[in-house]
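# Per-entry structural report
Here is what each chain is made of, one letter per residue.
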Amino acid sequence: MNVDVAIDLTACDREPIHLPGSIQPHGMMLVADRDNLTVTHVAGPVEDLLKVQDWRGASLARLLGEETADRVARLTQSVARGGFVGQIRLATRLFDVHAREQGETVLVEVEPGPLVPASGSSILGGLEAAGLAFERAPNLKALFERAAVEFRRITGFDRVMIYRFLDDDAGAVLAEDRADFMPAFLNHRFPGSDIPRQARALYLRNLVRVIPDIRYEPAALRPSWQGEPLDMSDCALRSVSPVHMQYMQNMGVGASASISIVRDGELWGLIACHHATPKLLPYDLRVACRALSGGLVRQIKAKEEADVLRERIRLRSMEDEIVGLLSRAPSLDEGLGEILPDLMQALNADGVAVLRGGALLHGGACPPESVIRDLAAWLAVQERTEPFETSRLPSFFPAAEPSREVASGLLAVTVSRDEPFQIFWFRAEQVEEINWAGNPHKIVAGPDGMLTPRASFEAWSEAVHGRARPWAPAEIDAAEHLRRAVVEVRQTRRMRELNARLSETVAEKDGLLAQKELLLREVNHRVQNSLQLVSSFLGLQGRASDSEELKASFEEARRRLSAVALVHRRLYRADQIESIDLSRYIEELLQDMAASMGQEWDGQLSLRLEPVVVPTDRAVTLGLVLTELAINANKYAYGGRAGPIDIALSQAGGRLSMVVADRGGGRRGPGQGFGTRMMNAMVGQLHGALDYQDNDPGLRVVLTAPLGFEADA
């Protein structure tokens, strides 16, 4: 790059790409007077397609036929002011006709239709199948992967990417489906300058944009346009920026299509389609892509909202548990010391600190005490709404820079400014390795100082420091709820102290109940320890065995025993001993199971668990059934290797539903071994039923059973 030439970094943002004065030559455009529909300008191969030379001043009826001209007139006079007109046959091929009113003119676009038109039923059937696949995706990652597959199936392009715009206008490729010969861009980022602002604005207006041949020669309007340039923003044939054409050629692309993903009126991202050779995307497929993009947006919203709801329910459950522990503690200070691990776990923090008066309590990974006290003083004078949250603390509070490894993220609330009384949650620095499709910092300029499209898309990595994982809105709300709960606990304690004498009788009763609960928790604690000891013996015996079959049997027995022991461990910690939150029990059970199965199982278990409260004895049985289903998935679906397993839990009325699904190649129904017989017996004990379904691929097992409270009653 010539350093003596001034580089205009905003030139691409100012390029008038909506006023090109030309079209892509695979179709033709007729510009007619709005009042009498006589043609004044044309672009493209008009003479070849219409077999006329004297088109200037001719009527649309003469050039395209009375029926088509009448449809154009009615359409441009409607509320929509334009849209799809219909099809006409030119020579031996059908062409799609679009018309739109533009100021004092009517723009009529004629472009080739498909060589072999697809039937409406086949297109609708494909959309229905894709929509069903979107609905069945267990999470957003699977949804994006399925979307890439479905859009490639519909469009037939060599590479389809799900591309999302980030906060800094850069784009990230979340999913990709491609032919083997096409280079991969999965998980790569593209700088915001690759798609200028005015291009993003047009993506909001034109939801599908197609360039059938990247190396086309623009066909200019004839005769030369006089006066204010013709606005071609809504034209399907509008010629694209030469910079963009060169950019796509540098990528090795022969044709492209972009389908906008618009959420709540904003451009969320794109479905970017590339083909190695020229390729059309006819109107009927463009309509199908628009419809499918809308379905994708609805599924994105639904799954994000479901994730937020589940997270809010989990946080509210933990809030209640924390408040209960704090309320039962002998004093507020002792209670705060006891709940530090729960505070940290509730908001997925790496460290937590509580400053009350002059006393400082902390747990986990926290910055030095002096930094925490300075941070408290700094927050006290900040005019900010509560809570205070950031994922880049050193950029706001430079004194935290030396501690960024443990405190790059901060979420803080002030319980009382008088004492002072503040709670801090810290998150460690999360050094992010970003893979860019080419160096985003390398500026390429021509001799005139104008930016030119970059020619390299080789993976280029950089590490971003000083940032932590951002705090989710649900976590920020939970921090505020906890602040209010602590305030209420403080007020309740003060009232309790004022009414201590009147509460002596009640206190004696509470003491007896507490002793009973303590005894029951101690019994559960001892049972849990004994079960843990037996589990350890099974593990030792398994490792000592020379038979792989015996080792596997011992390991299965140990996992079954762990499912029982976990219930007693939770009962030892919980306030309620008659019932248990099955979702939290399953979450801990699967964490223990994954840890025992090895590091290769990290991230393979996908959980969608709704809070379901069941009697304790039924939780043991359900845990054993779940353990058996997970063992079967490991053994039969993946041959003992790691593989994705989806677990879901929900409640409808007085019944629960537990789903265990794999994506492997295992059996399609129940077996005949000991584990299956034992599992069937336990399902019968629950008065439930097992349904084995095809997961396409893999096996999906659904257990339905009553909650059990009615039977106990």
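Residues numbered from 1 in each chain as written. Predicted model: local features only at pLDDT ≥ 70, side-chain atom pairs only at ≥ 80, totals over all residues. Heavy atoms only, no water.

## Quick notes on the pattern of salt bridges
All chains considered together, the criterion is met by 29 salt bridges. The shortest N-O distance in the salt bridge between Asp234 and Arg205 comes to 2.7 Å. Of this pair, Asp234 sits in the loop between strand S11 (219–220) and helix H8 (242–250) while Arg205 sits in helix H7 (residues 197–205); the two residues are 29 residues apart in sequence, bridging distant segments of the chain. The class of Asp234 is partly exposed, set by a relative accessible area of 24%. Overall, the relative accessible area of 47% leaves Arg205 in the partly exposed class. A salt bridge links Arg263 to Asp264, with the shortest nitrogen-to-oxygen separation between them at 3.8 Å. Bridged by salt links that share partners, the residues Arg34, Asp35, Glu101 and Glu104 form one connected network. (Salt bridge = Lys/Arg side-chain N within 4 Å of Asp/Glu carboxyl O. Helix = DSSP H or I, 4+ residues; strand = E, 2+ residues; numbered from the N terminus. Buried < 20%, exposed > 50% of the residue type's maximum accessible area, 1.4 Å probe, protein only.)

## Digging into the nonpolar core
Counting 38 residues, the largest nonpolar core has Leu582, Ile586, Val614, Val625, Leu626 and Ile647 as the members making the most contacts within it. Top element by residues in this core is helix H17 (residues 616–637). It accounts for 10 residues. Apart from residues no more than four positions distant in its own chain, Val625 is found in contact with Met658, Met679, Met682, Val683 and Leu703. (Core = buried A, V, L, I, M, F, W, Y, C linked by side-chain atoms within 4.5 Å. Contact = heavy atoms within 4.5 Å.)

## Some thoughts on the sheet that holds strand S18 (residues 421–427)
Strand-to-strand pairing in sheets goes through backbone hydrogen bonds, with the strands running parallel or antiparallel. In space, the 5 strands of this open sheet follow the order S15-S14-S18-S17-S16, with antiparallel pairing throughout. One side of each edge strand has no neighbouring strand; the edge strands of this open sheet are strand S15 (359–364) and strand S16 (388–390). Along the sheet, successive strands turn relative to each other by an average axial angle of 10°, direction set aside. Where strand S17 (residues 409–416) meets S18, 7 bridges bridge the pair, whose relative direction is antiparallel. Directly across from Leu410, in S18, lies its bridge partner Phe426. Contacting strand S14 (351–356), S15 and S18, helix H10 (residues 332–346) crosses the sheet at an angle of about 160° to S14. (Pairing = 2+ DSSP bridges. Axes fitted to C-alpha atoms, helices over the stretch in contact; angles between N-to-C directions.)

## Considering the packing of aromatic side chains
Evaluation of the coordinates by the stated rule reveals 7 aromatic pairs. On the basis of an interplanar angle of 10° and a centroid distance of 4.2 Å, the ring pair of Phe84 and Tyr283 is categorised as stacked. With a gap of 199 residues between them, Phe84 in strand S4 (residues 82–90) and Tyr283 in helix H9 (residues 283–328) connect regions that are remote in the sequence. Ring geometry for Phe388 versus Phe396: centroids 6.2 Å apart, planes at 90°, classification edge-to-face. In this structure Phe388 comes out as buried when scored by relative accessible area, which is 8%. The cationic tip of Lys279 hangs over the ring face of Phe157; the distance from NZ or CZ to the ring centre is 5.9 Å. Geometry around Trp471 places Arg427 over its ring, the cationic atom sitting 3.8 Å from the centre. (Phe/Tyr/Trp six-rings, centres within 6.5 Å; stacked < 30°, edge-to-face > 60°. Lys NZ or Arg CZ within 6 Å of the ring centre and 35° of its normal.)

This is a description of form; function is not addressed.
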